Amino acid sequence: MNSTGATVLVGTTKGAFFFISDPGRRNWKARGPFFASDMGALGEVFHMALDRRDGGRIYAGVNPGFTGPAVFFTDDLGESWKKSSKPPRFPKKSKLTAKNIWHITPGREDEPGKVYLGLDPHALFESDDGGNSWHDVPGLTYHEDRRGWNPGFGGPCLHTIVLDPGSRKGMWVGMSAAGVYHTRDMEKWAPRNRGIRVDFAPVKFPEFGQCVHKFALSCDGRTLFLQNHGGVYKSEDGGETWLDISKGLPSDFGFALTAHPTDPRAFYIVPLEVPARFSLGAQASVYRTRDKGKSWEALTEGLPGNAYLTVLREGLCNDGLDPAGVYMGAKNGTIYFSRDDGEHFEVLAHDLPQILSVSSA
Amino acid sequence: MSVRFVLLGTLKDFCGASGELTVKGSTIREALESLQENNPSVGDSICDEHGRVRELINVFVGGKEIRTLSGEMTKLKDGEELIVIPSVAGGKE
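Residues numbered from 1 in each chain as written. Chains lettered and ligands numbered in written order. Predicted model: local features only at pLDDT ≥ 70, side-chain atom pairs only at ≥ 80, totals over all residues. Heavy atoms only, no water.

Trainee: It is not clear to me how the pattern of salt bridges should be interpreted in this structure. Could you clarify?
Mentor: Here the idea is simple: oppositely charged side chains can pair when their charged atoms come close. Within the structure shown, the criterion is met by 27 salt bridges over all chains. For B:Glu81, the salt bridge is made with B:Arg4, and the minimal N-O distance between the two is 2.7 Å. Of this pair, B:Glu81 sits in strand β5 (residues 81–86) while B:Arg4 sits in strand β1 (residues 2–7), placing them 77 residues apart in sequence. Take B:Arg4: its relative accessible area is 26%, and that puts it in the partly exposed class. The structure contains a network of salt bridges with shared partners spanning A:Arg108, A:Asp110, A:Glu111 and A:Arg168. (Salt bridge = Lys/Arg side-chain N within 4 Å of Asp/Glu carboxyl O. Helix = DSSP H or I, 4+ residues; strand = E, 2+ residues; numbered from the N terminus. Buried < 20%, exposed > 50% of the residue type's maximum accessible area, 1.4 Å probe, protein only.)

And the structure:
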C-alpha cells in the first residue's frame with residue numbers, strides 16, 4: 001500500500017474509485033471506476049475498507065440491487081478483484097434476507113483474516129478468512145430486542161462497527177433506528193443508549209430505538225463521539241452513559257463523523273440544515289472540536305458558499321497521517337479535502353457519481 | 001429431466017460467454033435448487049437465501065413469467081428453456 005501518502009476509497013451510487021497521493025498529498029492519481037461495468041457486479045458501493053494488516057487488502061461492499069449484496073476484495077489496488085465465495089447470507093431459520101452491505105471493518109491486529117460487516121436488515125456478519133466467506137453473529141441476529149428495532153430512512157441497517165480496545169472480543173455497533181449495542185464476547189449484546197434522545201418518539205429516552213447516525217472512538221480509545229439523528233454526544237464510560245455536547249453548534253443534525261487520528265480530544269462532524277439536510281446557511285462546512293465538544297469551530301476555508309451539499313454518514317474520514325488529512329465526500333460528486341487538520345480545504349475530485357462513502361486509514 | 005437456464009443481461013457475466021446452464025429438475029423449484037447446488041454464484045444471484053427468486057429477477061418459461069404461472073411450483077418439460085432476465089430499471093438513474 002501507499003506507505004507514505006494517503007489512499008482514499010470512494011464509494012458511489014455507480015461503483016467505486018480510489019485516489020492515491022504522494023507523501024505530501026499534493027499529487028493524486030485516480031483509479032476506477034470499479035463495479036460500474038462488467039465485473040459481475042454493477043452496483044452501489046456503500047462502503048469500502050482498507051486493511052493494513054494484510055499487505056493492504058481493500059474490501060468493497062457492493063449492492064447490485066437486483067442480485068444480493070456482495071463483498072469483493074483486491075490486493076493490488078484494483079488491478080484484480082476477487083468476489084467472496086460465500087457472501088453474507090442469513091441462515092434459513094432467521095427468515096431474514098440480506099439486502100445491502102453498509103459498513104466493513106477489519107478485525108484486530110492480532111486476528112489476521114478477521115473482518116466484520118454491517119448489513120441491512122440489522123445484522124453483523126464476520127469473516128475469518130479475509131473476506132472470502134461470511135457468517136452472521138447469532139447474538140445480534142436473534143436478539144430479543146429485534147422486534148422493537150425500526151428502520152431508519154435508509155433502511156434497517158447496521159452501519160457502524162467500532163472495536164472495543166477494553167476487551168478481547170468487545171465491540172460497539174450502531175444501528176438505525178435501534179441504537180448503540182455493545183458486547184464483550186460477541187454473544188451477549190446490550191443496548192448502550194442512556195442519555196441519547198429520540199426526538200421523534202413519544203418516549204424521549206428509551207433503552208433502545210435511537211437513530212444513531214455514526215460514532216467513532218478517540219485515538220486513545222477512551223472516548224466515544226456520536227452523531228445522532230438529533231444531538232451530538234460523547235461517552236467516557238464505554239457507552240454506559242452519553243452526554244449531549246451539541247451546545248454551540250448551529251444544528252445538532254448530521255450524519256457524518258470522524259475522530260482525529262492523533263488528538264484524542266478532537267473530532268469532526270458535518271452539521272446539516274433540518275429538514276432539508278443540506279449545508280447550513282448555504283455554506284459548506286465541517287465542524288471541529290478540540291476539547292471533546294466543549295467548543296466548536298466552523299471550518300470553511302476552501303469550501304464553497306452558495307452550496308447545498310448533502311454529506312451522508314460515511315461521507316467524512318481522515319487518513320491517519322500527521323497533520324491529519326480530512327476528506328468530505330458529498331452527494332454532488334465532489335470530494336473536498338484538507339491536508340492540515342481541516343484548516344484549509346480544496347477539491348480532490350469532482351463530477352463523480354453521488355458519493356456514498358469516503359474511507360482511508 | 002434436464003432443463004436449460006438462459007441468462008440475459010448482466011446476469012450473463014456470471015456464467016461465461018454462452019450464458020447457458022443445464023440442470024436437473026421437473027419444477028422451477030427443483031431446477032433452482034439444482035442450480036444453487038451446482039453453481040452457487042449464479043444461484044445466489046437469482047435466488048435469495050431462502051430459495052425465493054429475487055424481487056427484480058424474472059424467470060420466463062414458454063414465454064410467460066413464472067409469477068403468472070404457478071411460481072416456483074411450475075412444472076417443466078424435459079429440455080425446457082428457462083429465460084432469466086434482470087428487471088430493466090426505468091425511472092431511476
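Trainee: Looking at this model, I keep getting lost on the nonpolar core. Mind explaining?
Mentor: A general trend in soluble globular proteins is that nonpolar side chains are found buried together. If you look at the biggest cluster of nonpolar residues, it comprises 22 residues, and the most contacted ones within it are B:Phe5, B:Leu7, B:Ile46, B:Ile57, B:Leu82 and B:Val84. Where this core is concerned, the elements lending two or more residues are β1, β2 (20–24), α1 (28–38), α2 (40–46), β3 (57–61) and β5 of chain B. Sort the elements by how many residues they give to this core and α1(B) lands first, with four residues. Excluding residues that lie within four positions of it along the chain, B:Phe5 makes contacts with B:Gly19, B:Glu20, B:Leu21, B:Val23, B:Ala31, B:Leu32, B:Leu35, B:Leu82 and B:Val84. Membership of the second largest hydrophobic core comes to 19 residues, among which are A:Ala256, A:Tyr268, A:Leu303 and A:Phe345. (Core = buried A, V, L, I, M, F, W, Y, C linked by side-chain atoms within 4.5 Å. Contact = heavy atoms within 4.5 Å.)

Trainee: Would you mind showing me how to read the packing of aromatic side chains here?
Mentor: Residues and elements named next belong to chain A. Taken as a whole, this structure holds 16 aromatic pairs over all chains when the rule is applied. Ring plane angle 15° and centroid distance 3.9 Å describe the contact between Phe225 and Phe267, whose orientation is recorded as stacked. One end of the pair, Phe225, is in strand β17 (residues 224–228); the other, Phe267, is in strand β21 (residues 267–271), with 42 residues separating them in the sequence. Residue classification places Phe225 among the buried positions, given a relative accessible area of 0%. On the accessibility criterion, Phe267 (0% relative accessible area) is buried. Put simply, the rings of Phe18, Phe34, Phe35, Phe72 and Trp81 pair up and form one aromatic cluster. (Phe/Tyr/Trp six-rings, centres within 6.5 Å; stacked < 30°, edge-to-face > 60°.)

Trainee: What am I meant to see in the sheet that holds strand β13 (residues 171–176) of chain A here?
Mentor: Each strand in a sheet pairs with its neighbour through backbone hydrogen bonds, running either in the same direction (parallel) or in the opposite one (antiparallel). Residues and elements named next belong to chain A. Read from one edge of the open sheet, four strands run β12-β13-β14-β15, paired in antiparallel fashion. The open sheet is flanked by β12 (157–163) and β15 (189–191), the only strands paired with a single partner. Adjacent strand axes in the sheet meet at a mean angle of 25°, parallel and antiparallel pairs treated alike. For strand β14 (residues 179–183) and β15, the ladder comprises three bridges, and the chain directions are antiparallel. From the neighbouring strand, Tyr181 faces β15, where its bridge partner is Pro191. (Pairing = 2+ DSSP bridges. Axes fitted to C-alpha atoms, helices over the stretch in contact; angles between N-to-C directions.)

Trainee: Any chance you could explain the environment of A:Leu117 here in plain terms?
Mentor: All names here are of chain A. Relative to the helices and strands, Leu117 is located in strand β9 (residues 115–120). Residue class for Leu117 comes out buried when judged on its relative accessible area of 0%. Spatially, the C-alpha atoms of Leu117 and His47 are 9.8 Å apart, while their sequence positions differ by 70 residues. When neighbours within four sequence positions are excluded, Leu117 is seen to be in contact with Val71, Pro88, Ile101, His103, Ile104, Ala123, Leu124, Phe125, Trp134 and Ile161.

Trainee: Please explain the interface of chain A and chain B as it appears in this structure.
Mentor: The parts lose accessible area when they come together, and the size of an interface is often stated as this lost area. Contacts between chain A and chain B engage 20 residues on the former and 17 residues on the latter. For the pair chain A and chain B, the two sides together bury roughly 1500 Å², of which 49% comes from carbon and sulfur. Where chain A packs against chain B, one counts one salt bridge. In this structure, the salt-bridge partner of A:Arg89 is B:Asp44, at a minimum N-O distance of 2.5 Å. Inspection of the region where chain A meets chain B yields six residue pairs in polar contact (both at pLDDT 80 or more). (Buried area = accessible area lost by both parts, 1.4 Å probe. Polar contact = N/O pair within 3.5 Å; in protein donor to acceptor, adjacent residues only side chain to side chain.)

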